[in-house]
Amino acid sequence: MFTASSQLNVTLICGPTDMRKAIDGLCNIVAYDLKKEPCSEHIFVFCGRARDKIKILQWSNNGFWLHYKRLEKGSFQWPGIEDEHLSRHISHRQLNWLLDGLPLHSQEAHPHLTYRYHDE
């Protein structure tokens, strides 16, 4: 199971990506199409045209991780490319929703709470 720190930034690559691409090909998309640094504190998430495969590119100190998930049935609720934006930032929570088959703006999720025991 893929787990990542909630401190990492998550960048979703909108629209379909050729899932034949490996680390170098995905790094090229990040570096040249998005003009972002692949070796950064970001997780870059890609989805195939059929929306049944996801690849996650992650830099870790001295090398890349490439996480891959293929659904045997069903598809991911993946956003298309809108308003010429090739990517969008999402929360770690939204990434978990996508991986679980939910849309980015799930109405069924519990709201985020910030609770304080003491007023300051």
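Residues numbered from 1 in each chain as written. Predicted model: local features only at pLDDT ≥ 70, side-chain atom pairs only at ≥ 80, totals over all residues. Heavy atoms only, no water.

**Some points on helix H2 (residues 92-99)**
Most of H2 is tucked away: six of the eight residues are buried. Restricting attention to buried positions, one finds in H2 the residues His-92, Gln-94, Leu-95, Trp-97, Leu-98 and Leu-99. Just downstream of H2 lies Gly-101, where phi reads positive at about 90°. (Buried < 20%, exposed > 50% of the residue type's maximum accessible area, 1.4 Å probe, protein only. Helix = DSSP H or I, 4+ residues; strand = E, 2+ residues; numbered from the N terminus.)

**Details of the confidence of the model for the protein chain**
Predicted confidence across the protein chain gives a mean pLDDT of 85, with 83% of residues reaching 70 or more. Summarising per-element confidence for the protein chain, the mean pLDDT is lowest in H2 (87) and highest in helix H1 (residues 23-33) (96). (pLDDT = per-residue confidence, 0-100.)

**Details of the side chain of Gln-94**
Tracing the chain through its elements places Gln-94 in helix H2. Discounting chain neighbours no more than four positions away, the residues touching Gln-94 are Leu-104 and His-105. (Contact = heavy atoms within 4.5 Å.)

**Here's the deal with H1**
Restricting attention to buried positions, one finds in H1 the residues Gly-25, Leu-26, Cys-27, Ile-29 and Val-30. Contacts made by the buried residues of H1 are with strand E2 (42-47), strand E3 (53-60) and strand E4 (63-70). Looking at the residues trailing H1, positive phi occurs at Lys-35, about 60°.

**Some words on the pairing of E3**
Here E2 pairs with E3 via five bridges, running antiparallel. Bridging from a neighbouring strand, Ile-43 pairs with Gln-58 of E3. Where E2 folds back on E3, the antiparallel hairpin that results is connected by five residues, among which Arg-51 adopts a positive phi of roughly 60°. The pairing of E3 with E4 spans eight bridges and is classified as antiparallel. In the sheet register, Ile-54 faces E4, and the bridge partner there is Lys-69. The turn joining E3 and E4, which pair antiparallel and follow one another in sequence, is formed by two residues; a positive phi near 55° is taken by Asn-61. (Pairing = 2+ DSSP bridges.)

**Quick notes on the sheet that holds E2**
Pairing is mixed in the open sheet, where five strands are placed in the order E4-E3-E2-E1-E5. For this open sheet the edge positions go to E4 and strand E5 (87-90), each flanked by a neighbour on one side alone. Ignoring strand direction, the axes of neighbouring strands in this sheet form an average angle of 25°. Note: strand E1 (residues 9-13) against E2, four bridges, orientation parallel. Within E2, the residue paired with Thr-11 across the bridge is Phe-44. On top of the sheet, H1 reaches E2, E3 and E4; it is set at about 80° to E3, its chief contact. Against the sheet, H2 contacts E1, E2, E3, E4 and E5, and its axis sits at roughly 110° relative to E5. (Axes fitted to C-alpha atoms, helices over the stretch in contact; angles between N-to-C directions.)

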